[in-house]
Amino acid sequence: MSAIQKKLEAASEQYAASFDKGHLILPPAKKYLVVTCMDARIDPAAAFGIELGDAHVVRNAGGSAIEAIRSIVISQQLLGTTEVLVVKHTDCGMLTFKNRDAYSRVREHLGPPAHAELTARSFDFLPFPELDEAVADDVEFLRDSRLVPEHVTISGWVYDVKSGKTRRVPDRPRV
Ligand SMILES: [Zn+2]
């Protein structure tokens, strides 16, 4: 067993010993969903005040709403959530490369067939050059998507990995 696997087992033992939340129901009690980055420095529950059972948290590289759309539709249509918060963060890895860089890295490390697969799929790693713009783009994407009903409340945020603070990104005027 790997050291990480042992760590999971030990943590599980300790967690379950005092666990008393087995009564929670499947749909999120506070009916909201947070999309955020997979960055290891973000603790969504602590930083955004999410209690167990309250919300869905979807994490991926960059906190992409486009990548999260499958989960967002399931969350809203099958489990009744009615609000989305998109939270990206300072010092995000997605600010540091472009698609062509990721494509070259794949070719170099995984070989031409892997690179060809990316090309065949027109694969987009969804990097972004500017943080607030990327948040506003994702909010706009969700507002414009036919997969997200009009009544859903959508907002965009930036978490600062240095201070631990999260600030609101102003909404773009709707056209
Ligand atoms: Zn990130």
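What you see as residue numbers is a count from 1 along each chain, following the sequence as written. Thresholds applied to this predicted model are a pLDDT of at least 70 for local features of residues and 80 or more for the giving and counting of side-chain atom pairs; totals over whole chains, interfaces and linings are not thresholded and use all residues. With hydrogens and water excluded, all non-hydrogen atoms of the structure serve as input to the side-chain values.

Caption draft 1: Examining the packing of aromatic side chains more closely. Only Phe, Tyr and Trp rings take part, Trp by its six-membered ring, and two of them pair if their centres are within 6.5 Å. Stacked means planes under 30 degrees apart, edge-to-face means over 60, and tilted covers everything else. Scanning the entire structure with this criterion turns up four aromatic pairs. Ring centres 6.0 Å apart and planes at 85 degrees place the aromatic pair Phe48 and Tyr159 in the edge-to-face group. Of this pair, Phe48 sits in helix α2 (residues 44-48) while Tyr159 sits in strand β4 (residues 153-159); the two residues are 111 residues apart in sequence, bridging distant segments of the chain. You'll find Phe48 and Tyr159 in the same group, each marked buried. With 6.1 Å between their ring centres and 85 degrees between their planes, Tyr103 and Phe125 make a pair best called edge-to-face. With Tyr103 in helix α4 (residues 99-110) and Phe125 in the loop between α5 (112-120) and α6 (131-144), this residue pair connects regions lying 22 residues apart in the sequence. For the exposure calls, accessible area comes from a 1.4 Å probe over protein chains only, and a residue counts as buried if that area is under 20% of its type's maximum, exposed if over 50%, partly exposed in between. With relative accessibility at 15%, the residue Tyr103 sits in the buried group. The partly exposed category is assigned to Phe125, whose relative accessible area is 25%. Chaining the aromatic ring pairs together yields one cluster made of Tyr103, Phe123 and Phe125. Starting at the N terminus, helices and strands are each numbered in turn, a helix being any DSSP run of H or I of at least four residues and a strand any DSSP run of E of at least two.

Caption draft 2: Main features of the nonpolar core. Of all hydrophobic cores here, the largest spans 19 residues; its most connected members are Tyr32, Val34, Phe48, Ile50, Phe128 and Tyr159. Listed by contribution, the elements that provide at least two residues to this core are β1 (32-37), β3 (83-89), α6 and β4. If we ignore the near neighbours within four places in the chain, the residues touching Tyr32 are Gly49, Ile50, Asp54, Ala55, His56, Thr81, Glu83 and Leu85. Here, nonpolar core refers to any group of buried Ala, Val, Leu, Ile, Met, Phe, Trp, Tyr and Cys residues whose side-chain atoms link them within 4.5 Å. Grouped together as the second largest cluster of nonpolar side chains are 14 residues, Val35, Ala68, Ile72 and Val148 included. Whether two residues are in contact is decided by their heavy atoms: any pair within 4.5 Å suffices.

Caption draft 3: Main features of unusual backbone geometry. A positive phi angle, near 45 degrees, is found at Ser122, a position not held by glycine. Taking relative accessible area as the criterion, Ser122 reaches 58% and is therefore assigned exposed. The backbone phi angle of Leu126 is positive, close to 60 degrees, even though this residue is not glycine. By the secondary structure assignment, Leu126 is in the loop between α5 and α6.

Caption draft 4: Inspection of the UniProt feature "binding site: Zn(2+)" (unreviewed entry) in the protein at higher detail. According to UniProt, the feature "binding site: Zn(2+)" (unreviewed entry) maps to Cys37, Asp39, His89 and Cys92 in the numbering used here. A maximum C-alpha distance of 8.7 Å is found for the annotated residues, which run over 56 residues; spatially they form one tight group. Discounting residues that sit within four places of it in the chain, His89 has contacts with Cys37, Asp39, Arg41, Ile42, Leu131, Val158, Tyr159 and Val161. Locating Cys92 in the fold gives a position in the loop between β3 and α4. UniProt positions are given in the numbering used here, feature names are shortened, and annotations may be inferred rather than shown by experiment.

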